[in-house]
Amino acid sequence: MEKVLEVRWHARGGQGAKTAALMLAESIAEMGKYVQGFPEYGPERMGAPILAFNRISDNPIHIHSNVINPHIVIVLDATLLGPKVTQGVPDDGIYIVNTTKTPQQVRGILKITGGKIYTVDANQISLDTIGRVIPNTPLMGAFVRATQLIPYEEFMENMKAELAKKFKKKPEVIEGNLKAIERAYQEVKSE
Amino acid sequence: MKNKVAITGNEAVAQAMKQINPDVVAAYPITPQTEVVQIFSSFVSNGQVDTEFVTVESEHSAMSAAIGASAAGARAMTATSSQGLALMFEMVYIASSLRLPIVFPVVNRALSGPINIHCDHSDAMGIKDSGVIQLFSENAQEAYDNMIQAVRIAEHPDVLLPVSVNFDGFITSHALDVLEVLDDDTVKSFVGRYQPEEYLLDAKNPVSMGNFDMYDFYFEHKRQQVAAMEAAKKVIEEVGKEYEAISGRKYGLIDAYRLEDAEMAVVVLNSAAGSAKGVVDELREKGMKVGVLKPRAFRPFPFEAVQEALKKVKAVAVLDRAETFSTLGGPMFADVRTALYDLKNDIKVVNYVYGLGGRDLRLEDVEKVFGDLADIIKTGRADKFVNYLGLRE
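Residues numbered from 1 in each chain as written. Chains lettered and ligands numbered in written order. Predicted model: local features only at pLDDT ≥ 70, side-chain atom pairs only at ≥ 80, totals over all residues.

Caption draft 1: Main features of the overall build of chain A. Secondary structure assignment for chain A yields seven helices and seven strands. Along chain A, helices and strands appear, N-terminal first, in the series β-α-β-β-β-α-β-α-β-α-α-α-α-β. For 191 residues, the compact-globule estimate of 2.2 N^0.38 gives 16 Å, and chain A sits close to it at 15 Å. Taking the principal axes of its C-alpha atoms as reference, chain A extends roughly 45 × 40 × 35 Å. Relative to all contacts within chain A whose residues are 6 or more apart in sequence, the contacts with residues 24 or more apart total 59%. (Helix = DSSP H or I, 4+ residues; strand = E, 2+ residues; numbered from the N terminus. Rg over C-alpha atoms; globule rule 2.2 N^0.38 Å. Contact = placed C-beta atoms within 7 Å.)

Caption draft 2: Broad picture of the environment of E323(B). Structurally, E323(B) is set in the loop between β13 (315-320) and α11 (331-341). Separated by 198 residues in sequence, E323(B) and M125(B) have C-alpha atoms that sit 9.0 Å apart.

Caption draft 3: Representation of the domain arrangement of chain B within the structure. All names here are of chain B. As assigned here, chain B comprises domain 1 (4-247) and domain 2 (254-389). Here the C-alpha centre of domain 2 lies 28 Å away from the C-alpha centre of domain 1. On the domain 2 side, the residues contacting the 29 residues of domain 1 number 20 residues. For the side of domain 1 that touches domain 2, the elements supplying multiple residues, two or more each, are α5 (122-125), β6 (133-137), β7 (163-168) and α8 (218-247). Each residue belonging to the side of domain 1 that touches domain 2 can be placed in one class, and the counts come to 13 nonpolar, ten polar and six charged. (Domains from an automatic or database assignment. Nonpolar A, V, L, I, M, F, W, Y, C, P; charged D, E, K, R; others polar.)

Caption draft 4: Broad picture of unusual backbone geometry. Residue and element names in this part refer to chain B. That bond from S112 to G113 is cis: its omega, 0 degrees, falls within 30 degrees of zero. Relative to the elements of secondary structure, G113 occurs in the loop between β5 (103-108) and α5. The amide bond that connects G113 to the next residue, P114, takes the cis arrangement and shows omega of -5 degrees. Mapped onto the elements of the fold, P114 is located in the loop between β5 and α5. With phi around 60 degrees, N270 is a residue other than glycine that occupies positive phi space. Structurally, N270 can be placed in the loop between β10 (264-267) and α9 (271-285). Here the phi dihedral of K344 falls at roughly 55 degrees; this positive angle occurs in a residue that is not glycine. Within the fold, K344 resides in the loop between α11 and β14 (348-354).

Caption draft 5: A look at the interface of chain B and chain A. Taken together, the 18 residues of chain B in the interface contact 16 residues of chain A. In terms of residues, the side of chain B that touches chain A owes the most to one element, α9(B), which gives six residues. Counted by class, the side of chain B that touches chain A contains nine nonpolar, five polar and four charged residues. Pairing geometry for strand β2 (residues 34-39) of chain A and strand β8 (residues 176-180) of chain B, over two bridges, is antiparallel. Among the inter-strand pairings, Q36(A) is bridged to a residue of β8(B), identified as D177(B). (Pairing = 2+ DSSP bridges.)

Caption draft 6: Highlighting the packing of helix α1 (residues 17-29) of chain A against helix α5 (residues 136-147) of chain A. Residue and element names in this part refer to chain A. Axis separation between α1 and α5 bottoms out at 9 Å; the angle between their running directions is 40 degrees. With respect to each other, α1 and α5 are oriented oblique. In this structure, α1 meets α5 at a crossing whose hand is right-handed. Listed contacts from α5 to A17, T19, A20 and L24 of α1 are N136, T137, L139, M140 and F143. A class-by-class count of the residues in the contact of α1 with α5 yields six nonpolar, three polar and no charged. (Axes fitted to C-alpha atoms, helices over the stretch in contact; angles between N-to-C directions. Parallel < 35°, antiparallel > 145°, perpendicular 65-115°, else oblique. Left-handed = near helix turned anticlockwise from the far one by under 90°.)

Caption draft 7: Local environment of the sheet that holds strand β3 (residues 49-57) of chain A. The strand order across the open sheet built from nine strands is β7(A)-β6(A)-β5(A)-β4(A)-β1(A)-β3(A)-β2(A)-β8(B)-β1(B), with neighbouring strands paired in mixed fashion. The sheet terminates laterally at β7 (189-190) of chain A together with β1 (4-8) of chain B, the two strands that pair on one side only. The pairing of strand β1 (residues 5-12) of chain A with strand β4 (residues 72-75) of chain A spans four bridges and is parallel. Looking at the pairing, W9(A) lines up with I74(A) of β4(A). Lying over the sheet, α1(A) contacts β1, β2 and β3 of chain A together with β1 and β8 of chain B, oriented at roughly 175 degrees with respect to β2(A). Seen against the sheet, α5(A) touches β4, β5 (94-98) and β6 (116-120) of chain A and runs at an angle of roughly 155 degrees to β5(A).

Caption draft 8: Looking closely at the confidence of the model for chain B. Across chain B, the average pLDDT comes to 97, with 99% of residues at or above 70. Per the prediction output, this complex has pTM 0.95; the corresponding ipTM is 0.90. (pLDDT = per-residue confidence, 0-100.)

Caption draft 9: Layout of the nonpolar core. Core analysis: the biggest nonpolar cluster contains 187 residues, and A66(B), A265(B) and V316(B) have the highest contact counts within it. Setting aside its immediate chain neighbours within four residues, V316(B) contacts A265(B), V267(B), L310(B), V336(B), L340(B), I347(B) and V349(B). (Core = buried A, V, L, I, M, F, W, Y, C linked by C-beta atoms within 7 Å. Buried ≥ 20, exposed ≤ 12 C-beta atoms within 10 Å, placed from the backbone.)

Caption draft 10: Region of interest: the sheet that holds β13(B). All names here are of chain B. Across the sheet, which stays open at both edges, the six strands sit in the order β9-β11-β10-β13-β14-β15 with mixed pairing between neighbours. Each having just a single partner strand, β9 (254-257) and β15 (386-389) make up the two edges of the open sheet. Taking the axes of each pair of neighbouring strands and ignoring which way they run, one obtains an average angle of 25 degrees across the sheet. Lying over the sheet, helix α10 (residues 303-310) contacts β9, β10, β11 (290-295) and β13, oriented at roughly 5 degrees with respect to β9.

Caption draft 11: Main features of helix α12 (residues 363-379) of chain B. All names here are of chain B. Along its 17 residues, α12 runs 25 Å from first to last C-alpha, staying within 8% of the 24 Å computed at 1.5 Å per residue. Buried positions along α12 lie against β10, α9, β11, β13, β14 and β15. Just beyond α12, the residue with positive phi is G380, at close to 70 degrees. (Expected span 1.5 Å × (residues − 1).)

Caption draft 12: Spatial organisation of helix α4 (residues 82-97) of chain B. All names here are of chain B. For α4, which comprises 16 residues, the first-to-last C-alpha distance of 22 Å matches the rise-based estimate of 22 Å (1.5 Å per residue) to within 8%. At F89, α4 shows its maximal kink, close to 60 degrees. Those residues of α4 that sit buried are S82, G84, L85, M88, M91, V92, A95 and S96. (Bend = angle between axes of the 7 residues up to and from the residue.)

Listed below in structure tokens is the structure:
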């Protein structure tokens, strides 16, 4: 990795984007990379649009400003698809979207010609595996598939440890979350 | 790197407090500091520290309790932000004039009003004349490292002053970052046991503290506080060298980044210094001779080190994340400009107020500053010396 890889998450308050951005960063840090994970704290309300960010690099990261030109955009809520999602993204940007729509349909909504689009029905996956609609963990599986940044097995090992730490008092949800990541990794569609 | 962890700034500072294992912590929660004491209180309830944790009803009481504990002979801490520090203000002066080595993180946040929870340095700048040592931290690593060193600086017999460790609210406090932590035993032996020379619970050598002090002694006592601040400069550097030996990370009064041959410099505190360094790296590749000066100690103000680092530059921009409303620029601008005045090198010094209430400092903003400095050098003129960065006008 020559440059710092920048990621922007679009979600609604309560969907777990901040948690996902931090957990993703933690598991990538396990590989010896340098990472940042931070949300944009606005008025914190359930359902309000929120942003979260990641930076990933082989070298220490000095910069502390918000991410303006992300190479990767992750959308947890398809109702947010619009100009704000494509803002600042380079032509070869990668979009990972939680939706029942096809990548071609998403391309039409975003009105872009370049880039690569990945879609996955993370709502259904999380409902099947975790028992409620919480699309954040499955999206991480789609991220691993789309970016090829981390070997899948290694990521799952790290994630197992992260989830065990996070859900020390609720170990019963760990298996479902891992299953959700695995299914999203397998079911993600691209074009 | 051993002991490399990915944690937030607040987690890093709570971790440092755990390893320091102070005798007393008295605190009241306030955004964005809350997590520090929340996490620390879990260490207390899990028996991972021996600390007496005092849940007080306000920040005024938090500092009061820390003062009482410290005067009694305990190693005491508190932590706060913004309005909390403002409410604590009266007691901060008491702590420094009683010469009590209380260490307290300040998670920098804008002061009301209008009400705002995000980062600027108006809280810290409110106590810059209180006699408290102020260390600033670029990232979670520095916040962690500064906490551990602060204990040694505060308790040094030549100093005996409170030390506040500043780091940026949300930008540093709530962001996950990769840093290296020391092991518990290393920290324990570095901070050592606190053995005050004089303390209230020493029944064999009774002393009194906080006495009425008239015009016959008050002035001399104030002069002694200045002498302690002066001594602190040397102590900060010495403790930094010792800390480098156990951590491999260098700490002094200032951090001079690519200034050796620089013609232009930006002076800036905390996390924005990191972004400025990123811009400097890019501009250096284009052949511009630029650098960053980040004061680590703001009080005492290391003016000798600032003069030494900037004596060869032609133009300097001081970036302040706080207003003074003097109409003469921000608080650090005044200090830097005064320090450089006596060099008689005709260094042009201009000011940019930025980032108030959490406004993001973008890389283009820093690039613009260096562009302005290049123009000043070219024309030899700096007509407008107080500017606003990233502001709609």
